[in-house]
Structures are given as structure tokens and as C-alpha cells.
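Architecture and fold: a report
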Amino acid sequence: MMCDSDNGISLENLSKFVVKRVLSDSPDRKLIFVEGSLEGQEGAAVLILEKKAFDEKTVRALCSEDSVLVKSFVNDLYSTYECFPNTKGNGIKTTLIYPATEKHIKKFERKTVHIIQETPEIYKNITLPYILSETFSVQWVYNILEHKSEVEKIVFEDSDKDLGFILVPDLKWDGQTLESLYLQAVIHRRDIKSIRDLTTKHIPLLENIQTQGIKAIEEKYGVLQSQLRIYVHYLPSYYHLHVHFTYLQYDAPGINTERAHLLSTVIQNIQLLPDYYQKATIPYTLTEADPLYETFCDKGLLKKSTVVQQYPPTANHVSVDNN
């Protein structure tokens, strides 16, 4: 175990991670979030484990003598087995958050979720003050923009201070499996928190992200524009404008209608009405663990539910996520 940045820890294996409890899991996505600590280190840690997606290369590698099968049952034409592949074919996407704050831990706990219809007045009086006072640090974003970290991962960069952005793989993507392709375009400007800040003057920026992002992805990965889902989140996972690029056939987390807004639609809305996102009512979801949820309850805009819902979060960048 060694330090890899000012605060981060780089692990060679998981022997130093001490499990405290499972925060939540998602059986359908083969994803689990675990709270724990690092042996010999102060503070909490969160470990995120996710089975990697299959592709043709992986399947070909599995079809060898190294993949041991243990039979479960045989019935006529059908048989099932538990497969134990070799080390290279059994990789698990692993993310460590350390030191993890209480907000990180609450983020990954099982939660009851509610939907908010955010009017401009609600944004001005409730959401915006919360954003300004409660957001996580986005220093890790600035580290990428200033080439202090993840330089080797940069797929494309336009360095223009007004129109430019950096295109990097999302942490949920292994950078290789095209079927789960997931990249983020992070703008160089630091004055746009979310789509609520967008007006007609930002159309050149949005169109530049769309045009150059599509071109860069096609050139590097061979994925066509018609095969891409390009969108922004609201509420976003962190308050520095960024655009998501995912493979259309990939059921990416966070593409639900109460959160994802297609970039093409965002551009069209602003072209129709320059201050559309200052006037529109925009839905988003909140969990009962979010301090913003308590504010809505205090003001009588939400009622607390007695039903426990399973709403596992996504293994996003090391960032705040209200869902």
C-alpha cells in the first residue's frame, strides 16, 4: 500500500481492507458497495466491486482448459454449471474511496427515493442554496483539467478556455469493452454548475462538445454517432458541467428519464427559448439520506415514506450523487 496523491492510497491487493458492513448491492448489475477501513490507516473507506461486462475477447479466453466447470444439474438438453475461470478472465472492476466522508457513506447506503418537480422558485430558494453550501469538492475535476491526474486516460482535448473540454473514460468503464463504453466530456470553464446555468450564449460550447466528442469517439473506438447516447444529468453527480457519452445498447446507470437529458434536446430547448432552463420545471430524484430531502420535508413539499425501497447508487466518479 502506498500513497498515490495528496490524499489517495494505491493498493496492490485487498488484504488491507477491513470489511465493516455492506452498504448496498445491485444483483442485476453484479455490483456491491462496502464500508470498511484500511489496516493501519485512520478514517473510513468505501470499496466498490462490480463484475466486468462480457465481450467476444473475454468469451474466447474463457473457452479453454483453464476454465473449470462444476456441474449444477443436467436435464435433457439443458445443463448448468458454475464456471471458475483463470485469473485473467475473472477480473472485477474495483474502486476505492479513501478517505471516505460520512457523505460518501450515506451516498452508497440503501435508500428510499422520491421525485421532485423543481420549479424555478424551488431552484432559487432551496436547491441552489443547498448546492452552494453542501457540494463535494471538485478538486479532482480540476486535477484532470490541469493535467495533474488521469493524463494518460485523456481521449481528446480541446484547450479553448471558453469552448474547450477534456474527454475521459468514466470510472464505470474499463476503457476496453465497447459494449459498455462510457466517457465524460468535462468543460474547461468553471462557471457552469448544471443545466440550470445554461443560456443561448452556451450553445457554441454545447455544440462543440457534441461535434468533437462524436468525432473523437468514432476515430478512436469506431462507434458511430447513431450508436451514442449523449446526455447530461440533473441533478448532476458533481457541480461542474460535464456531458456523458455512452454506447446506445449499454443500459448505463443514470439514464432514467427523471435524471438524464439528451444533449441534443438541451440545445434545441435553448434555441427555442434562450432562458429555457431558468424558466422550466425540471424533475429530479432525492433520497431520504440527503440533507436536501429534509429541507423539502420541513417546508411541507414532501412527506416521509414508511416503505423501504432498494435504490442502489452507481459507481460513479469519486463524487457526490443525490441518487
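Residues numbered from 1 in each chain as written. Predicted model: local features only at pLDDT ≥ 70, side-chain atom pairs only at ≥ 80, totals over all residues. Heavy atoms only, no water.

As named in an unreviewed UniProt entry, the protein chain is m7GpppX diphosphatase, taken from Diaphorina citri. Among the UniProt annotations of the protein chain, the heading Catalytic activity (unreviewed entry) holds the following wording: "a 5'-end (N(7)-methyl 5'-triphosphoguanosine)-ribonucleoside in mRNA + H2O = N(7)-methyl-GMP + a 5'-end diphospho-ribonucleoside in mRNA + 2 H(+)". (UniProt positions renumbered as here; feature names shortened; annotations may be inferred.)

Observations regarding the pairing of strand S12 (residues 182–187)
Burial analysis of S12 places 6 of its 6 residues in the buried class, the great majority of the element. A two-sided burial pattern is seen for S12, the buried positions comprising Tyr-182, Gln-184 and Val-186 on one face and Leu-183, Ala-185 and Ile-187 on the other. Judged from the 5 bridges that link them, strand S11 (residues 165–169) and S12 form a sheet pairing that is antiparallel. Residue pairing across strands places Leu-167 opposite Ala-185, the latter belonging to S12. Here 5 bridges tie S12 to strand S14 (residues 242–247), and the two strands are oriented antiparallel to one another. Along S14, the bridge assignment pairs Leu-183 with Phe-245. (Buried < 20%, exposed > 50% of the residue type's maximum accessible area, 1.4 Å probe, protein only. Helix = DSSP H or I, 4+ residues; strand = E, 2+ residues; numbered from the N terminus. Pairing = 2+ DSSP bridges.)

Remarks on the sheet that holds strand S13 (residues 228–233)
Taken in spatial order, the 6 strands line up as S10-S11-S12-S14-S13-S15 in an open sheet, and their pairing is antiparallel. Each edge of the sheet is formed by a strand with only one pairing partner; in this case those strands are strand S10 (156–158) and strand S15 (260–262). Averaged over all neighbouring strand pairs, the angle between strand axes comes to 30°, with direction disregarded. In the sheet, S13 pairs with S14 via 4 bridges, with the strands oriented antiparallel. Looking at S14, one finds that Arg-229 is bridged to Thr-246. Here helix H5 (residues 203–221) sits on the sheet in contact with S10, S11, S12, S13 and S14, set at roughly 40° to S11. Its contacts with the sheet put helix H6 (residues 263–272) on S13, S14 and S15, and the angle it makes with S15 is roughly 70°. (Axes fitted to C-alpha atoms, helices over the stretch in contact; angles between N-to-C directions. Contact = heavy atoms within 4.5 Å.)

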